[in-house]
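Summary of structural features
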Amino acid sequence: MSISSSGVPVHRLYKAAWVVRAMLFKCIFRSFSMPRMSFGVKVRIFPGMRAECFDGGSLKVGDDVSIGQNFHVICSSELSIGSGCLISSGVFITDTDHQYSDVSLPVSHQPVSVRSTQIGENCFIGVGARIQAGTTLGRGCVVGANAVVRGSFPDHCVIAGMPARIIKRYDFETASWLRV
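Reading the values: the criteria
- Residues numbered from 1 in each chain as written.
- Predicted model: local features only at pLDDT ≥ 70, side-chain atom pairs only at ≥ 80, totals over all residues.
- Heavy atoms only, no water.
- Salt bridge = Lys/Arg side-chain N within 4 Å of Asp/Glu carboxyl O.
- Helix = DSSP H or I, 4+ residues; strand = E, 2+ residues; numbered from the N terminus.
- Buried < 20%, exposed > 50% of the residue type's maximum accessible area, 1.4 Å probe, protein only.
- Pairing = 2+ DSSP bridges.
- Phe/Tyr/Trp six-rings, centres within 6.5 Å; stacked < 30°, edge-to-face > 60°.
- Contact = heavy atoms within 4.5 Å.
- Polar contact = N/O pair within 3.5 Å; in protein donor to acceptor, adjacent residues only side chain to side chain.
- Core = buried A, V, L, I, M, F, W, Y, C linked by side-chain atoms within 4.5 Å.

**A short note on the pattern of salt bridges**
Note on pairing: side chains with opposite charge can pair once their charged atoms come close. According to the stated counting rule, one finds five salt bridges in the structure shown. The salt bridge involving Asp97 is made with Arg115; its shortest N-O contact spans 2.7 Å. With a gap of 18 residues between them, Asp97 in strand 11 (residues 96-98) and Arg115 in the loop between strand 12 (112-114) and strand 13 (118-119) connect regions that are remote in the sequence. Using a relative accessible area of 14% as the deciding quantity, one classes Asp97 as buried.

Structure below.
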């Protein structure tokens, strides 16, 4: 553990600075936007977020969203994260896939394919999940840790695995989660 010259552990100073910064931002901004990115009110972003918007792509994050450490998002079209979402640390979300059909060219020199990616309201995305291009998560979906997700998923389901699949659905009649 590193100790500062004042005798306080460095990680505590770092956390204190992060809290002060967050309080200042809260006083200054209710919601905020920057070129190609907009964030609703009560959006919490922990350190290490990397957001990339290419070729007219845009990122829209709804209200009351919490984004964990080391979140990475790539947008080449309009990618949205609905209100009330909780995104754990180490999550990657994209709407862009690299093509690799021409084996005589490096992948970085080949075109990309772009497919809409949408995260519904009130979703929970577990640590290390990967949300691939072309994914649509309905309202209230739960994505398991380290899941690799591609495709469309209905409201109120639990998705897990590599590749991810639905393992539970919420039954409103019994008010419980049922295994699929």
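**Some details on the sheet that holds strand 21 (residues 164-171)**
Taken together, the eight strands give an open sheet; going across it, the order is 3-6-9-14-17-20-21-22, and neighbouring strands pair in mixed fashion. Looking along the sheet, the strands with just one partner apiece sit at the ends: strand 3 (44-45) and strand 22 (176-179). When strand 20 (residues 157-161) meets strand 21, the two strands line up antiparallel, connected through five bridges. Each residue of the ladder has a partner; that of Ala160, found in strand 21, is Arg165.

**Quick look at the sheet that holds strand 18 (residues 148-149)**
With parallel pairing, five strands are arranged side by side in an open sheet as 4-7-10-15-18. Every other strand in the sheet has two partners, leaving strand 4 (50-53) and strand 18 as the edge strands with one partner each.

**Regarding the packing of aromatic side chains**
Considering all chains together, one arrives at two aromatic pairs under this definition. With a centroid separation of 4.9 Å and 80° between ring planes, the pair formed by Tyr170 and Phe172 is classed as edge-to-face. The exposure class of Phe172 is exposed, given its relative accessible area of 58%. Centroid distance Tyr170 to Trp177: 5.2 Å. Interplanar angle 70°. Geometry classified as edge-to-face. Classification of Tyr170 by relative accessible area gives partly exposed; the value is 27%. Assessed through its relative accessible area of 37%, Trp177 is described here as partly exposed.

**Focus on unusual backbone geometry**
Residue Pro163 follows Met162 across a cis peptide bond; omega there is -5°. Mapped onto the elements of the fold, Pro163 is located in the loop between strand 20 and strand 21. Phi is positive for Lys42, which is not a glycine, with a value near 55°. Positive phi, normally seen in glycine, also occurs at Asp55, with a value near 45°. By secondary structure assignment, the location of Asp55 is in the loop between strand 4 and strand 5 (58-61).

**A closer look at the environment of Arg44**
With respect to the helices, strands and loops of the structure, Arg44 is situated in strand 3. With relative accessibility at 36%, the residue Arg44 sits in the partly exposed group. Through-space distance from the C-alpha of Arg44 to that of Leu86 is 9.6 Å; in sequence the pair is 42 residues apart. Residues contacting Arg44, with those up to four places away along its chain left out, are Asp64, Val65, Ser66 and Ile67. Within the structure, the side chain of Arg44 is placed 2.9 Å from the backbone oxygen of Lys42, a separation counted as a polar contact.

**Examining the nonpolar core**
In terms of nonpolar packing, the biggest core is built from 32 residues, with Leu59, Ile81, Ile93, Ile125 and Leu137 touching the most fellow members. When residues of this core are traced back to their parent elements, those giving at least two are strand 2 (37-39), strand 5, strand 7 (72-75), strand 8 (78-81), strand 20 and strand 21. When near neighbours in sequence (up to four residues on either side) are disregarded, Ile81 contacts Leu59, Lys60, Val61, Gly62, Val65, Phe71, Ile87, Ile93 and Ile119.

**Observations regarding the pairing of strand 7**
Burial along strand 7 is two-sided: the face carrying His72 and Ile74 and the face carrying Val73 and Cys75 are both buried. Taken together, the three bridges between strand 7 and strand 10 (residues 92-94) define a ladder with parallel strand orientation. Each residue of the ladder has a partner; that of His72, found in strand 10, is Phe92.

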